[in-house]
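# Breakdown of the fold
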Amino acid sequence: MPAMTNEAAPRERDPFLEAVGRVTVAGAHLDRHLHSLLGSLAFEPTLLVLANAEGTARLIELCELALKCYNHDDPAALADVKDCLTRAKALKDKRNTVVHSLFMQAEDGNGLEAMRPVRKTLGHSVTPITIGKMESLAKEIEELQSDLFRAGWNIRAPLTGMARMHRPGEPAEAAAE
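Below you will find a few notes about this structure. (Residues numbered from 1 in each chain as written. Predicted model: local features only at pLDDT ≥ 70, side-chain atom pairs only at ≥ 80, totals over all residues. Heavy atoms only, no water.)

Further remarks concern the packing of aromatic side chains. Each aromatic ring pair is characterised by the separation of its centres together with the angle its planes make. Tallied over the entire structure, the rule returns one aromatic pair. Ring geometry for F149 versus W153: centroids 6.3 Å apart, planes at 40 degrees, classification tilted. Separated by four residues within a single helix, F149 and W153 lie in helix α5 (residues 131–160), roughly one turn from each other. Residue F149 is classed as partly exposed on the basis of its relative accessible area of 44%. (Phe/Tyr/Trp six-rings, centres within 6.5 Å; stacked < 30°, edge-to-face > 60°. Helix = DSSP H or I, 4+ residues; strand = E, 2+ residues; numbered from the N terminus. Buried < 20%, exposed > 50% of the residue type's maximum accessible area, 1.4 Å probe, protein only.)

Next up, the structure:
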């Protein structure tokens, strides 16, 4: 009787699926960073518990609500948070195109198309997409995550007496102003 092994033959890597996976993971990390930003904007435990099960769109809405309801004295930090939330909205839509689509070979044979249902009776909207576009989208989302952390830190810095964080490439003196 031959010996049984649990080892399967290694599967060939699929760059397309890896790119979709990177966008998906980056999107999940984006939600975590938005939740953290919400905690920086409104240190309100009840709101944070409510936000635990929310998706990206709702987290963005809650952050915008916190900006309106709580007093933040630093106009530069406030503008930075608003900029991050605007970018988050745009990247959320791009991420959803990747994560919630069916993919097929493009009609011209070059690349792929992401198909999303418009409505059951109307068919699908089709967006051309490449592995390179998905990789750059994942990178954009990752860059936004660090910007969200910095914005949350800077909005809270005056209340805690901590120094502001500067943007990469920006002199430290500019962040202190």
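Here the focus is the pattern of salt bridges. Taken as a whole and assessed by the stated rule, the structure comprises eleven salt bridges. We note a salt bridge from E61 to R58, for which the minimum N-O separation is 3.3 Å. Of the two residues, E61 and R58 both sit in helix α3 (residues 56–69), three residues apart, roughly one turn of that helix. Ionic pairing is found between D80 and R150, a salt bridge with its closest N-O pair at 3.0 Å. Here the residue D80 occupies a position in helix α4 (residues 75–99), and R150 occupies one in helix α5, the gap between them amounting to 70 residues. Judged by relative accessible area, D80 falls into the buried class, the value being 8%. Residue classification places R150 among the buried residues on the basis of a relative accessible area of 4%. Through salt bridges that share partners, D80, D83, R87, D147 and R150 make up one connected network. (Salt bridge = Lys/Arg side-chain N within 4 Å of Asp/Glu carboxyl O.)

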